[in-house]
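Residue-level structural notes
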Amino acid sequence: MKKNTIDHLFKIVHDDFDLEVPVDGHEQRFLERLHKKQRSKKPAWTTMKKLIAAIAAILIVAIGLFTVVKPQPQSNDLANVSEQLSQTQNFFTTVISSELSKLKSIRTAENDALVADALKQLEYLENNYERLKIDLKISGHDKRVVYAMISNLQSRIDLLENVLRAIENLKYIQSEHSLTL
């Protein structure tokens, strides 16, 4: 039954078949054209290789330039605003470092709670200072932010000096107390 259906189908589409025989030399002309196209593709591939090499060279040069000429990330602190503020910042940081080293050197079991509390307060002031540095960058060196940064540095020095004085007073009171006993 299937064969009958297939035969019937071929009878219906018989007129649509191309039964023409190609002219003599058709196959030879076809093969020549095919080889011609294959030969012409080689230069296109070579051109593509040159283009890829040029792009790679440009990328290498660009990466090299960006690496060498890469701007250094600026620290957003007082030193970037002016030379005078840079000197001010250096002065404050030197004094803070000095006072902090004094505080750590006289730390004992009797004053440990006082020193620990002072260090927590210094950490809070440092975190506040970091936020001020961000505000300074955003505000474009607004004088109010600069003043707040200087006040922060001064507050750190005041805190350290007060704690050092309190420790000295504590020592004095303990020595007076031991003398009276």
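The rules we used
Residues numbered from 1 in each chain as written. Predicted model: local features only at pLDDT ≥ 70, side-chain atom pairs only at ≥ 80, totals over all residues. Heavy atoms only, no water. Core = buried A, V, L, I, M, F, W, Y, C linked by side-chain atoms within 4.5 Å. Buried < 20%, exposed > 50% of the residue type's maximum accessible area, 1.4 Å probe, protein only. Helix = DSSP H or I, 4+ residues; strand = E, 2+ residues; numbered from the N terminus. Contact = heavy atoms within 4.5 Å. Salt bridge = Lys/Arg side-chain N within 4 Å of Asp/Glu carboxyl O. Patch = residues over 30% accessible without salt bridge, like charges linked within 9 Å, V, L, I, M, F, W, Y side chains within 5 Å. Areas by Shrake-Rupley, 256 points an atom, 1.4 Å probe, with all protein chains shown as cover. Phe/Tyr/Trp six-rings, centres within 6.5 Å; stacked < 30°, edge-to-face > 60°. Lys NZ or Arg CZ within 6 Å of the ring centre and 35° of its normal. Axes fitted to C-alpha atoms, helices over the stretch in contact; angles between N-to-C directions. Parallel < 35°, antiparallel > 145°, perpendicular 65-115°, else oblique. Left-handed = near helix turned anticlockwise from the far one by under 90°. Expected span 1.5 Å × (residues − 1).

**A word on the nonpolar core**
Ranked by size, the top nonpolar core spans 23 residues in total, and within it Leu78, Leu103, Met149, Leu153, Val163 and Ile167 carry the most contacts. Counting only elements with at least two residues in this core, the list comes to α3 (83-105), α4 (112-139) and α5 (143-180). Ranked by the residues each element gives to this core, the list is headed by α5, at 10 residues. In contact with Val163, not counting residues within four places along its chain, are Leu103, Leu114 and Ala118.

**Focus on the pattern of salt bridges**
Here the structure, examined in full by the defined rule, presents five salt bridges. Between Arg156 and Glu126 there is a salt bridge, and its shortest N-O distance comes to 2.7 Å. With a gap of 30 residues between them, Arg156 in helix α5 and Glu126 in helix α4 connect regions that are remote in the sequence. In this structure Arg156 comes out as buried when scored by relative accessible area, which is 8%.

**Points about the side chain of Gln89**
In this structure, Gln89 sits in helix α3. When near neighbours in sequence (up to four residues on either side) are disregarded, Gln89 contacts Asp77, Leu78, Ala79 and Tyr129.

**A closer look at a nonpolar patch on the surface**
There is a patch of nonpolar side chains on the surface, built from Met48, Leu51, Ile52, Ile55, Leu59 and Ile63 and spanning about 580 Å² of accessible area. In this structure, Met48 sits in helix α2 (residues 26-68). A relative accessible area of 40% means that Met48 is categorised as partly exposed.

**Thoughts on the packing of aromatic side chains**
Within the structure shown, the criterion is met by one aromatic pair. Sitting over the face of the ring of Tyr129, Arg156 holds its NZ or CZ atom 5.0 Å from the ring centroid.

**Brief notes about the packing of α3 against α4**
Two elements in contact, α3 and α4, have axes whose closest approach is 11 Å; the angle formed by their N-to-C orientations is 160°. Here α3 is positioned roughly antiparallel relative to α4, judged by the angle of their axes. Seen along the crossing, α3 lies across α4 with a hand that is left-handed. For the pair α3 and α4, the contacting residues are Gln89, Leu100, Leu103 and Lys104 in the first and Val115, Ala118, Leu119, Leu122 and Tyr129 in the second.

**Thoughts on the environment of Leu170**
The topology assignment puts Leu170 in helix α5. Among all residues touching Leu170, those that are not within four sequence positions of it are Glu110 and Asn111.

**Considering α3**
Here α3 contains 23 residues, and its C-alpha end-to-end distance of 33 Å stays within 8% of the 33 Å for a straight helix at 1.5 Å per residue. Buried residues of α3: Leu85, Ser86, Gln89, Phe92, Ile96, Glu99 and Leu103, and no others. The secondary structure elements touched by the buried residues of α3 are α4 and α5.

**Concerning α4**
If you check α4, its first and last C-alpha atoms are 40 Å apart, about what 28 residues at 1.5 Å a residue would give, namely 40 Å. Taken together, the buried positions of α4 are Val115, Ala118, Leu122, Leu125, Tyr129, Leu132, Lys133 and Leu136. Close packing links the buried residues of α4 with α3 and α5. In the segment just after α4, Gly140 is the residue with positive phi, at about 75°.

Everything listed here is a matter of geometry and, on its own, says nothing about what the molecule does.
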